[in-house]
Amino acid sequence: MKISERPLIATAAIQERIHELAAQIDKDYKGKHPVLLITLSGAFFFAADLARQLHETVQIEFIRAQSYSGTQPGPTVRITSAPEASMTNRHVILIEDIVDTGRTATAIIKHLQTQRPASIAVCALLDKPSRRAANSTPDYVGFTIENHFVVGFGLDYDGLYRQLPAIYVMT
Ligand code: IMP
């Protein structure tokens, strides 16, 4: 496996789109002081850039989830690290690197709902709707992509390539 010579999504395009997403979130969450709940590890570059483009005051929290393809028919998602801060009555924006099957977002939302937040929205840098298994559509999407395996801007292949400043296709 190697990465494409040219990026699928260039750095400038990513930054421009993040600027637009931040403007939309500022408008939608004016005065609400939302929690940016960042899914580790893939969403950290996206979240860091997005957060710094926001004018609204936000609280930054982290959550870690892992998928397993065990003996179950479909992969299950386990929350391996939950935020210590309470999400009760808070407006939570879950920041994801990519929504692929949608199972991770669905599992995190289910986990959060036990704390009765005021609202939950999902903001994903990338959306890969062709592989959707769970009924989960992100509320804010940077880019919708075809069924490629992509790396860079936080996304990895076997732990590698997260640091690339643009998004590349693995071929
Ligand atoms: P889900 O299938 O929506 O639950 O996505 C689970 C996780 O798989 C994402 O948060 C990513 O970390 C990872 N993932 C899905 N598609 C890709 C990809 O194209 N490149 C790198 N990671 C991916």
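Structure first, text after, so check above.
The present account deals with the structure reproduced in this document. (Residues numbered from 1 in each chain as written. Predicted model: local features only at pLDDT ≥ 70, side-chain atom pairs only at ≥ 80, totals over all residues. Heavy atoms only, no water.)

## Structural notes on helix 3 (residues 103-113)
For helix 3, the set of buried residues is Ala-105, Ala-107, Ile-108 and Leu-112. Down the axis of helix 3, the sector holding all buried residues measures 165°, keeping them to one side. (Buried < 20%, exposed > 50% of the residue type's maximum accessible area, 1.4 Å probe, protein only. Helix = DSSP H or I, 4+ residues; strand = E, 2+ residues; numbered from the N terminus. Arc of directions from axis to C-beta.)

## A few points about the pairing of strand 6 (residues 140-144)
In terms of residue burial, strand 6 counts as a mostly covered element, since four of its five residues are buried. Examined bridge by bridge, strand 5 (residues 119-127) and strand 6 share four bridges and lie parallel to one another. What sits directly across from Cys-123, in strand 6, is Tyr-140. (Pairing = 2+ DSSP bridges.)

## With respect to the nonpolar core
Counting residues in hydrophobic clusters, the biggest one holds 30 residues, and the most contacted among them are Phe-46, Leu-50, Ile-95, Cys-123, Leu-126 and Ile-167. Those elements that place two or more of their residues in this core are helix 1 (11-28), strand 1 (35-40), helix 2 (44-53), strand 4 (91-99), strand 5 and strand 6. Among residues more than four places away in sequence, those in contact with Cys-123 are Leu-21, Ile-25, Phe-46, Leu-50, Ile-93, Leu-94, Ile-95, Glu-96 and Tyr-140. Counting twelve residues, the second largest nonpolar core, distinct from the first, contains Leu-37, Val-92, Leu-112 and Ala-124. (Core = buried A, V, L, I, M, F, W, Y, C linked by side-chain atoms within 4.5 Å. Contact = heavy atoms within 4.5 Å.)

## Observations concerning the packing of helix 1 against helix 2
The interhelical angle for the contact between helix 1 and helix 2, taken along N-to-C directions, is 55°, at an axis separation of 9 Å. In this view, helix 1 runs oblique relative to helix 2, as classed from their interaxial angle. For the pair helix 1 and helix 2, the crossing hand works out as right-handed. Residues Gln-15, Ile-18, His-19, Leu-21, Ala-22, Ile-25 and Asp-26 of helix 1 form the contact with helix 2, whose participating residues are Phe-46, Asp-49, Leu-50 and Gln-53. Residues belonging to the contact of helix 1 with helix 2 are distributed by class as follows: six nonpolar, three polar and two charged. (Axes fitted to C-alpha atoms, helices over the stretch in contact; angles between N-to-C directions. Parallel < 35°, antiparallel > 145°, perpendicular 65-115°, else oblique. Left-handed = near helix turned anticlockwise from the far one by under 90°. Nonpolar A, V, L, I, M, F, W, Y, C, P; charged D, E, K, R; others polar.)

## A short note on the packing of aromatic side chains
A full pass over the atoms with the stated rule returns three aromatic pairs. Here the aromatic rings of Phe-44 and Phe-45 are separated by 4.3 Å at their centres, their planes lie at 35°, and the arrangement is tilted. Residue class for Phe-44 comes out partly exposed when judged on its relative accessible area of 37%. The structure contains a cluster of three or more aromatic residues connected by ring pairs, namely Phe-44, Phe-45 and Phe-153. It is Lys-32 that lies over the ring of Tyr-29; its NZ or CZ is 5.8 Å from the centre. (Phe/Tyr/Trp six-rings, centres within 6.5 Å; stacked < 30°, edge-to-face > 60°. Lys NZ or Arg CZ within 6 Å of the ring centre and 35° of its normal.)

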